[in-house]
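# Understanding the architecture of this molecule
The residues making up each chain are set out below.
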Amino acid sequence: MTSSGLRAAAALLLLCAATFAAAAELSDKLRDDSELSQFYSQVEQNPIANATLTLRSCTIFVPTNEAFQRYKGSIHVLYHITTAAFSKEQLPKSVSSDMEGNPPLYITKNRNGDIYVNNARIIPSLSVEMTNREGKRQVMHIIDEVLQPLSVQKNAKDNINNPDAMQFLQMAEQLELNDFHLRTYRSQVTLAKKESVYQSPGAHTFLIPIDESFKLSARSGLVDAKVIDGHVIPNTVIFTAASQHDDPKTSAAFEDLLKVTVSFFKQKDGKMYVKSNTIVGDAKHREGVVLAEIVKANIPVQNGVVHLIHRPLMIIDTTVTDFLKENGENGALRKFYEVIMDNGGEVLDDITNLSEVTILAPSNDAWNASLIENLLRNRKKMREILNMHIIRDRLNVDKIRQKNANMIAQVPTVNNNTFLYFNVKGEGTDAVITVEGGGVNATIIQADVAQTNGYVHIIDRVLGVPHTTVLGKLESDPMMSDTYKMGQFSHFNDQLNNTQRRFTYFVPRDKGWQKTELDYPSAHKKLFMPDFSYHSKSILERHLAIADHVFTMKDLVQYSEQAGNVVLPTFRDSLQLRVEEEAGHLHDENASHEWTGYVIIWNYKKINVYRPDVECTNGIIHVIDYPLLEEKDVVVSGGSYLTESSICIILANLIMITVAKILN
């Protein structure tokens, strides 16, 4: 075939391909994709949907077959279609669906750039844009959930199409709401003359408490106009799948004298919660956080989205004990409550008897740690662990910050001689608050859940159940960073991951090393220089006892009372000391409670034990206020010690002198 013939054949092929592409339509694409067959079946059965694909411009949101398999409700195919073509970049904040009454579909985007239509995510890279035979532009977006409109009961007496939030409240008995009723809250909205808030055009988020949440007779009377405002997030539509974790949004109750934010969060078990945070309160509305589980989510209405919640926000009318019971049956603290009750319930009685109390409550996920299972049968140990989570005081985040202003905050628990250590990193909403107890460092994941007699902070670990080695604890604890750094460059730390040994490590806290800078300035400087790693290692070895068991502070006090001094085996030699108990405010001179602390007597020095008995999987750490150090430990004068760099310089000079002599 000649070159001109080849060119003609190629042109013919291109023409055929173009003709085929022009003939291909969105309906063909939908029919031919096996992953979308269930939606195509719905389209085939709906004449309006068929006509739209044949004759009109449109955007269709197509759920995958997998999404259909998860979905249990009725399918409304026209709710997935809008009669205008929008690429992902062109999608406005809302579009009118083709369903009767044209209820809107809400388009939102999260921080990751994912785009959602109501509660369904548009799957990236699968959108298709085509033109039908009528020359109409059509766009198909693949989504991961079936879109569910507001559902009306079959026997509803009114024709309900696209109601606003107030109409939703008024007609709630005719809607499919999983047998939840909203009469009480509706009455309070009417009584407070706040109908306009729920009729407001635009796109808002409405949080509505169900009737069951008003079992406490006085609670409904606390729902005033400001509380109703606190249940509305204006000008923002939040569906749960698209919500940002713990991202505070300004509620309608946000003014000079009252400031309330609302945020969403999800537990690993899939349950969604919403919380109000009264940042600035007044005489009727106390500051603090109120948690509510979302019992029915993502109900679209004409002016936004409705979520039904299991209790009203902003209202603080339960004790800590009531909160634990309420969230213990099947809520955010179910496992914590189960452990309390499995151990006889005495801990709950103790909490009830406290006039002021703060609870550090481990989340449900926190109890899944493998080491906890073995301890659950040991009731005595579990009682100690549970008591470690209880503080006889109202301790909110502001108070923790005040205590943390100049040092890591220390707070006594109801366990005698047991303290918790709080640390605040960062500022404002980015702040991370950690708490250490019994060798475990936990993060507060929900703070300041306010009750009438105190606070509950939800944490991500169970305190008192160690999960890391001595080395892991040193590496992660901000109070021991200097000791960790010194052990790293001297390679002293290499042994501390050994789980076949049992270590008792007297670890000077960072402020203890800082004190040595004042007492022994030249020695302190050398301790943190790699050239003096031999001396640093020798000093650290003095602080580490190695035996077949650990030595708690109580053990050391008992041995001291019996023998006067205690001799502990160390890596090179032995450590001789005495430990005594001393009453007084050793940890916090401004504390309201007096407790007993421990003091080490070593080499005629008295050293306070700042944090006793920090348990690890291969030993125990006692954090002390000052290192076991003397000035003679690091000799830096008179040429009695040469650093490696000094030796190198001397050798280099000797070599140069020798070479010079040879050349001469």
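Note: the structure precedes this text.
## A short note on the overall build of the chain
Scanning the chain from N- to C-terminus turns up 22 helices and 29 strands. Within the chain, buried positions represent 50% of all 664 residues. Considering only contacts in the chain between residues 6 or more positions apart, those separated by 24 or more positions represent 63%.

## Comments concerning the packing of aromatic side chains
Tallied over the entire structure, the rule returns eight aromatic pairs. Both rings, one in tyrosine 106 and one in phenylalanine 239, keep their centres 6.3 Å apart while their planes meet at 35 degrees; by these two values the pair is tilted. With a gap of 133 residues between them, tyrosine 106 in strand S4 (residues 104-109) and phenylalanine 239 in the loop between strand S10 (232-233) and strand S11 (249-254) connect regions that are remote in the sequence. Across the pair, phenylalanine 239 and tyrosine 106 agree in class, each one buried.

## Considerations on the sheet that holds strand S5 (residues 115-117)
In space, the four strands of this open sheet follow the order S3-S4-S5-S6, with antiparallel pairing throughout. If you trace the sheet from one side to the other, it starts and ends with strand S3 (94-96) and strand S6 (120-121), each paired once. Where S3 meets S4, three bridges bridge the pair, whose relative direction is antiparallel. Note that in S4 the partner of valine 95 across the bridge is leucine 105.

## Some remarks on helix H7 (residues 183-191)
Of all the residues in H7, the buried ones are Tyr185, Arg186, Gln188 and Val189. For H7, the angular spread of the buried residues around the axis is 160 degrees, confining them to a single face. A positive backbone phi angle near 55 degrees is found at lysine 193, which sits one or two residues after H7.

## Looking at the pattern of salt bridges
Throughout the structure, instances matching the rule amount to 28 salt bridges. Here glutamate 338 ties to arginine 334 by a salt bridge, and the two come within 3.5 Å at their closest N and O atoms. Linking glutamate 338 with arginine 334, this pair stays in helix H11 (residues 334-342), spanning four residues, or about one helical turn. By relative accessible area, which is 25% here, arginine 334 ends up partly exposed. Here glutamate 615 makes a salt bridge to lysine 381, at a shortest N to O gap of 3.4 Å.

## Regarding helix H10 (residues 320-328)
Inspection of H10 places Val320, Thr321, Phe323, Leu324, Asn327 and Gly328 among the buried residues, and these make up the whole buried set. When H10 is viewed along its axis, its buried side chains cluster within an angular range of 160 degrees and face the same direction. Taken together, the buried residues of H10 touch strand S14 (288-301), H11, helix H12 (346-352), strand S16 (357-362), strand S21 (440-451) and strand S22 (454-459).

## Observations regarding the packing of H11 against helix H14 (residues 379-387)
Two elements in contact, H11 and H14, have axes separated by 10 Å at closest approach and are oriented at 130 degrees. As far as their axial angle goes, H14 and H11 are oblique. Once H11 is placed against H14, the crossing between them reads as left-handed. Residues Phe336, Val339, Ile340 and Asp342 of H11 form the contact with H14, whose participating residues are Arg379, Met382 and Leu386. Across the contact of H11 with H14, the residue classes break down as five nonpolar, no polar and two charged.

## Observations regarding unusual backbone geometry
Phi is positive for asparagine 118, close to 50 degrees, though the residue is something other than glycine. The topology assignment puts asparagine 118 in the loop between S5 and S6. By relative accessible area, which is 4% here, asparagine 118 ends up buried. Positive phi, close to 60 degrees, is recorded for asparagine 235, a residue that is not glycine. Along the polypeptide, asparagine 235 turns up in the loop between S10 and S11.

## Observations regarding the sheet that holds strand S7 (residues 128-131)
Here we have four strands laid out as an open sheet, ordered S2-S1-S8-S7, and mixed in their pairing. A strand with exactly one partner marks an edge of an open sheet, and here the two such strands are strand S2 (81-82) and S7. Taken strand by strand, helix H4 (residues 47-55) contacts strand S1 (58-63), S2 and strand S8 (137-143), and its axis lies near 125 degrees from that of S1.

How each quantity is defined
- Residues numbered from 1 in each chain as written.
- Predicted model: local features only at pLDDT ≥ 70, side-chain atom pairs only at ≥ 80, totals over all residues.
- Heavy atoms only, no water.
- Helix = DSSP H or I, 4+ residues; strand = E, 2+ residues; numbered from the N terminus.
- Buried < 20%, exposed > 50% of the residue type's maximum accessible area, 1.4 Å probe, protein only.
- Contact = heavy atoms within 4.5 Å.
- Phe/Tyr/Trp six-rings, centres within 6.5 Å; stacked < 30°, edge-to-face > 60°.
- Pairing = 2+ DSSP bridges.
- Arc of directions from axis to C-beta.
- Salt bridge = Lys/Arg side-chain N within 4 Å of Asp/Glu carboxyl O.
- Axes fitted to C-alpha atoms, helices over the stretch in contact; angles between N-to-C directions.
- Parallel < 35°, antiparallel > 145°, perpendicular 65-115°, else oblique.
- Left-handed = near helix turned anticlockwise from the far one by under 90°.
- Nonpolar A, V, L, I, M, F, W, Y, C, P; charged D, E, K, R; others polar.

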